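Summary of the model geometry
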Amino acid sequence: VASKAGVKLIGTLLGITTGLLFIPTDVPGFPTQFFIEGIRLRIFDFVLVLWVVQLALTSMQRGRLPSVPLTGYFLTFIAFIAYGFVNAYIQAGSKLALKELIQAVEFVLFIYLIATTTTNDEERADFFNSFLYSLITIAVANATLHHLLLGYVKSFKLFGAAKLTYGLATFFLVIRVIME
């Protein structure tokens, strides 16, 4: 029973971590991004480091990394990353290309974590539900903060990644209703 609760907790925490991608970066009085040597780090980046440490500790305990099959989707994604890196290098030089590569590796690692920790329908449902609730919470908080408290009605395009929560939350709610 304890291990089942632990598995449920991991799926839930991964869903919340995914929601952290969409936290607004300009919340007054609440820093959600930090700059170190000119590199912007968001809360998601710090939480991802914790997940990597957890993966490393689990792998050391088991003596191996969990495996993921090399599917066409995965290989296509790797090709897309390679294209993005080469394109950034040609268009903007090595500094931007390196930044793009690091971001891509970060997302591949995060997708790997999701793929290796949500291995059945119940775990995927826990992940999906907590991600959906995170998106809804961030969308409501974003609307409350920017539209009501700060009075920004016209500056919707300035919300950055947070503006995606409105569409994604609606999209995933529709998927959830259809799947039930």
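Whatever comes next refers back to the structure up there.
Residues numbered from 1 in each chain as written. Predicted model: local features only at pLDDT ≥ 70, side-chain atom pairs only at ≥ 80, totals over all residues. Heavy atoms only, no water.

Structurally, Ser 130 can be placed in helix 5 (residues 121–149). In this structure Ser 130 comes out as buried when scored by relative accessible area, which is 7%. Within the local environment of Ser 130, its side chain forms a polar contact with the backbone oxygen of Asp 126, the two atoms lying 3.0 Å apart. Each residue touching Ser 130, except ones within four places of it in the same chain, is listed here: Gly 11, Thr 12, Gly 15 and Ile 16. (Helix = DSSP H or I, 4+ residues; strand = E, 2+ residues; numbered from the N terminus. Buried < 20%, exposed > 50% of the residue type's maximum accessible area, 1.4 Å probe, protein only. Polar contact = N/O pair within 3.5 Å; in protein donor to acceptor, adjacent residues only side chain to side chain. Contact = heavy atoms within 4.5 Å.)

To continue, consider the packing of aromatic side chains. The final tally for this structure, using the stated rule, is four aromatic pairs. Measuring from centroid to centroid gives 5.5 Å for Phe 128 and Phe 172, while their planes differ by 90°, and the two rings are edge-to-face. One end of the pair, Phe 128, is in helix 5; the other, Phe 172, is in helix 6 (residues 164–179), and 44 residues separate them in sequence. You can call Phe 128 partly exposed: its relative accessible area is 21%. Classification of Phe 172 as buried rests on a relative accessible area of 17%. Three or more aromatic residues link up through ring pairs in this structure, and these residues are Phe 127, Phe 128, Phe 131, Phe 171 and Phe 172. (Phe/Tyr/Trp six-rings, centres within 6.5 Å; stacked < 30°, edge-to-face > 60°.)

Put simply, helix 2 (residues 43–62) and helix 4 (residues 94–117) touch, their axes get as near as 11 Å, and they point 50° apart. Judged by the angle between their axes, helix 2 and helix 4 are oblique. Seen along the crossing, helix 2 lies across helix 4 with a hand that is left-handed. In this structure, helix 2 uses Phe 44, Asp 45, Leu 48, Trp 51, Val 52 and Leu 55 to contact helix 4, whose residues at the interface are Glu 106, Leu 109, Phe 110, Tyr 112 and Leu 113. Within the contact of helix 2 with helix 4, the residues separate by chemical class into nine nonpolar, no polar and two charged. (Axes fitted to C-alpha atoms, helices over the stretch in contact; angles between N-to-C directions. Parallel < 35°, antiparallel > 145°, perpendicular 65-115°, else oblique. Left-handed = near helix turned anticlockwise from the far one by under 90°. Nonpolar A, V, L, I, M, F, W, Y, C, P; charged D, E, K, R; others polar.)

So, about the pattern of salt bridges. Evaluated as defined, the whole model comprises one salt bridge. In this structure, Arg 124 and Asp 121 form a salt bridge, with 3.4 Å as the shortest nitrogen-oxygen distance. Taken as a pair, Arg 124 and Asp 121 lie in helix 5 at a separation of three residues, close to a single helical turn. (Salt bridge = Lys/Arg side-chain N within 4 Å of Asp/Glu carboxyl O.)

The next subject is the packing of helix 3 (residues 72–92) against helix 4. Two quantities define a packed helix pair, namely the angle between the helix axes and the distance between the axes. For the pair helix 3 and helix 4, the least separation of the axes is 7 Å and the interaxial angle reads 165°. Taken together, the axes of helix 3 and helix 4 are roughly antiparallel relative to one another. Every pair of crossing elements has a handedness; the one defined by helix 3 and helix 4 is right-handed. Of helix 4, the residues touching helix 3 (which contributes Phe 74, Phe 77, Ile 81, Phe 85, Ala 88, Tyr 89 and Ala 92) are Ser 94, Leu 96, Ala 97, Leu 98, Glu 100, Leu 101, Ala 104, Val 108 and Ile 111.

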